[in-house]
Amino acid sequence: MSPRQQRVVGRRAVLKGMSLSALGVGGVLAGCGIPPARQSAGSCVSTDLSSSQKTLNFSNWPSYMDESDEKVNGKTVLPTLEDFQKQSGITVTYTADVNDNAEFYAKVRDQLGSCQSCGRDIFVLTDWMAARMVGLGWIQKLDHSKIPNVDKQLLKQLKAPAWDPNRDYSVPWQSGLTGIAYNAKVTQEVGSFTDLLTRGDLKGRVTLLSEMPDTMSFMLKLVGADPGKFNDAEWSKALDKLQEYVGSGQVRRFTGNDYVQDLNAGNIAACEAWSGDVIAMQADNPDIKFVVPEEGLMLWSDNMLIPNKATHKTNAEALMNYYYEPEVAATLADWVNYICPVTGAKKAMETVDPDVVDDPLIFPDQATLAKTASFMPLDTAKAALYETDFNLAIGG
């Protein structure tokens, strides 16, 4: 496995089994009829001490920050973060402790639900969990005057998610696409999810993702529904479609990103896949291809959020603004290999790493982005119900 593959796999591997963990959280929330406690800016007032305290506690996913081969006092150097600290005078305590959205939620829900500090000034969560926390009133509203780079540079397709239409509470850290990957050494091109799930030569040689929003988005598309806005009847119809494919034996299994090993080895012919994994695999195996399926792509983001009672909000906003400087964003994207949400980063990449400038999975063109959709945000009760449905359908 190449260094590039090792670091990309590190990010999404931790999501394996997320659906089951999310179901567990839903069960806890539903237990004894106790809903998570909602807050608001009025009910939970936060005090910003940034003017007198130049510190920041930042929680992120593993392998989601650029790293140097250099070590100082036994610690890996994080070049862009080091530069931010030098430029701003802010000391950042950086921890890669977001191993799973639902697991992280379980860590902080008691504190945030009772208007207490969770010990972090900024953390990074995927759309569906970010939406849940914003909906619960657990996230501080951003001061856009302090993040001008974000307003100027954020990709148009990411500016107005349904759960945060003005980006008042969230800023994308990195984004990615969900589509189809296949091994050209063992099969011909797979151009759609209809092909993936009905072609006889692929029977038993296909995997789908165990992450409910990804897989069910395509099932919804296959029954003519919009994954960004659907009702219970459409959900049930899509679920029946999934059960049909599972029952037919077309789908070998549901995976996190452990499909990487099977696809590389030819043990499976094609699969539902994340764009960052495919970039990693292609570095070592040119037979691995990524397809924009006829049904379109799913676009997702991992988002920076400032929780209630975080006492260094302005410092956190300074970091958000810094990572939207095109050269900084390009340096980060060159290391993590996911879609860069910063429009000016492609031009900057000409200097940072010219080999990556034309990579469509880091800098997709507008035609590709126009084919993307995002999964509808769900409230806590609906998310738990749908996770239960999904896990029963896939045998989880």
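Given the structure is predicted, the values throughout are model-derived calculations rather than measurements.

Caption draft 1: Examining the domain arrangement of the chain more closely. Per the domain assignment, the segments making up the chain are domain 1 (55-175 + 300-361) and domain 2 (176-299 + 382-394). Taking the mean C-alpha position of each, domain 1 and domain 2 sit 28 Å from one another. Counting residues at the interface gives 12 residues for domain 1, matched by 15 residues for domain 2. Taken over both partners, the interface formed by domain 1 and domain 2 buries close to 1200 Å², and the fraction arising from carbon and sulfur atoms is 64%. Counting every contact that joins domain 1 to domain 2 gives 2 residue pairs in polar contact (both at pLDDT 80 or more). With 3 residues, the top contributor of residues to the side of domain 1 that touches domain 2 is helix α5 (residues 127-135). Residues that form the side of domain 1 that touches domain 2 fall into these classes: 6 nonpolar, 3 polar and 3 charged.

Caption draft 2: Structural context of helix α14 (residues 345-352). Of all the residues in α14, the buried ones are Ala345, Ala348 and Met349. Seen along its axis, α14 keeps its buried residues to an arc of 110 degrees; they face one direction. Facing away from the buried side of α14, by more than 90 degrees, are the exposed residues Lys347 and Thr351. Buried residues along α14 sit in contact with α13 (326-336).

Caption draft 3: A look at the state of the cysteines. Tallied over the entire structure, the rule returns 1 disulfide. In this model Cys44 forms its disulfide with Cys115; the gap between the sulfur atoms is 2.1 Å. Residues Cys44 and Cys115 are joined by a disulfide whose S-S torsion is about 95 degrees; by sign, that bridge is right-handed. With Cys44 in the loop between α2 (18-30) and β1 (55-59) and Cys115 in the loop between α4 (101-113) and β5 (122-126), this pair connects stretches of sequence that are 71 residues apart.

Caption draft 4: Spotlight on the nonpolar core. Among the nonpolar cores identified, the biggest contains 85 residues, and Phe123, Met133, Trp173, Tyr259, Met304, Leu319 and Tyr323 are the most heavily contacted of them. Examining the composition of this core, we find that 7 residues originate from one element, α13, more than from any other. When residues of this core are assigned to domains, at least three map to each of domain 1 (55-175 + 300-361) and domain 2 (176-299 + 382-394). Apart from residues lying up to four places away in sequence, Met304 is in contact with Ile122, Phe123, Val124, Tyr169, Ser170, Val171, Pro172, Trp173, Leu319, Met320 and Tyr324.

Caption draft 5: How the structure looks around the layout of surface pockets. In this structure, the largest pocket encloses a volume near 640 Å³. Put simply, the parts of the chain that give the lining of the largest pocket at least two residues each are α5, α8 (212-222), β11 (297-305), β12 (372-373) and α16 (380-394). Among the residues forming the lining of the largest pocket, the class breakdown is 19 nonpolar, 7 polar and 6 charged. Domain assignment of the residues forming the lining of the largest pocket places at least three in each of domain 1 (55-175 + 300-361) and domain 2 (176-299 + 382-394). As a volume, the second largest pocket reaches approximately 260 Å³. What lines the second largest pocket is Val72, Lys75, Thr76, Val77, Leu78, Leu81, Glu82, Gln85, Val92 and Tyr94. Taken together, the elements giving at least two residues each to the lining of the second largest pocket come down to β3 (75-76), α3 (79-88) and β4 (91-95). When residues in the lining of the second largest pocket are grouped by element, the largest group, 3 residues, is from α3. Of the residues belonging to the lining of the second largest pocket, the class tally is 6 nonpolar, 2 polar and 2 charged.

Caption draft 6: A look at the pairing of strand β6 (residues 171-183). In terms of burial, β6 is largely enclosed, as 13 of its 13 residues are buried. Note: β6 against β11, 7 bridges, orientation antiparallel. Within β11, the residue paired with Pro172 across the bridge is Asn303. Pairing between β6 and strand β9 (residues 270-274): 5 bridges, direction antiparallel. Counted as the bridge partner of Tyr182 is Ala270 from β9. Two elements, β6 and strand β10 (residues 288-291), share 4 bridges in a ladder whose sense is antiparallel. Among the inter-strand pairings, Tyr182 is bridged to a residue of β10, identified as Lys289.

Caption draft 7: Examining the pairing of β11 more closely. Counting buried positions along β11 yields 9 of 9 residues, so the element is predominantly enclosed. Across the two faces of β11 the burial is the same, with Leu297, Leu299, Ser301, Asn303 and Leu305 and Met298, Trp300, Asp302 and Met304 all buried. Summarising the sheet, β5 and β11 pair through 4 bridges and their orientation is antiparallel. The partner of Phe123 across the bridge, within β11, is Leu305. Where β11 and β12 come together, 2 bridges link them in parallel fashion. Note on β12: the bridge partner recorded for Met298 is Ala373.

Caption draft 8: Representation of the side chain of Asn337. Relative to the helices and strands, Asn337 is located in the loop between α13 and α14. Separated by 3.3 Å, the side chain of Asn337 and the backbone oxygen of Asp334 make a polar contact.

Caption draft 9: Geometry of α4. Lys107 marks the point of greatest bend in α4, at about 40 degrees. Immediately downstream of α4, the backbone of Cys115 shows phi near 60 degrees, a positive value.

About the thresholds
Residues numbered from 1 in each chain as written. Predicted model: local features only at pLDDT ≥ 70, side-chain atom pairs only at ≥ 80, totals over all residues. Heavy atoms only, no water. Domains from an automatic or database assignment. Contact = heavy atoms within 4.5 Å. Buried area = accessible area lost by both parts, 1.4 Å probe. Polar contact = N/O pair within 3.5 Å; in protein donor to acceptor, adjacent residues only side chain to side chain. Helix = DSSP H or I, 4+ residues; strand = E, 2+ residues; numbered from the N terminus. Nonpolar A, V, L, I, M, F, W, Y, C, P; charged D, E, K, R; others polar. Buried < 20%, exposed > 50% of the residue type's maximum accessible area, 1.4 Å probe, protein only. Arc of directions from axis to C-beta. Disulfide = S-S within 2.5 Å. Core = buried A, V, L, I, M, F, W, Y, C linked by side-chain atoms within 4.5 Å. 1 Å grid on protein atoms, 1.4 Å probe; cavity = no way out; pocket = protein on both sides within 12 Å on 5 of 7 lines; lining within 4 Å. Points joined across faces, edges and corners; volume = space filled by probe spheres on them. Pairing = 2+ DSSP bridges. Bend = angle between axes of the 7 residues up to and from the residue.

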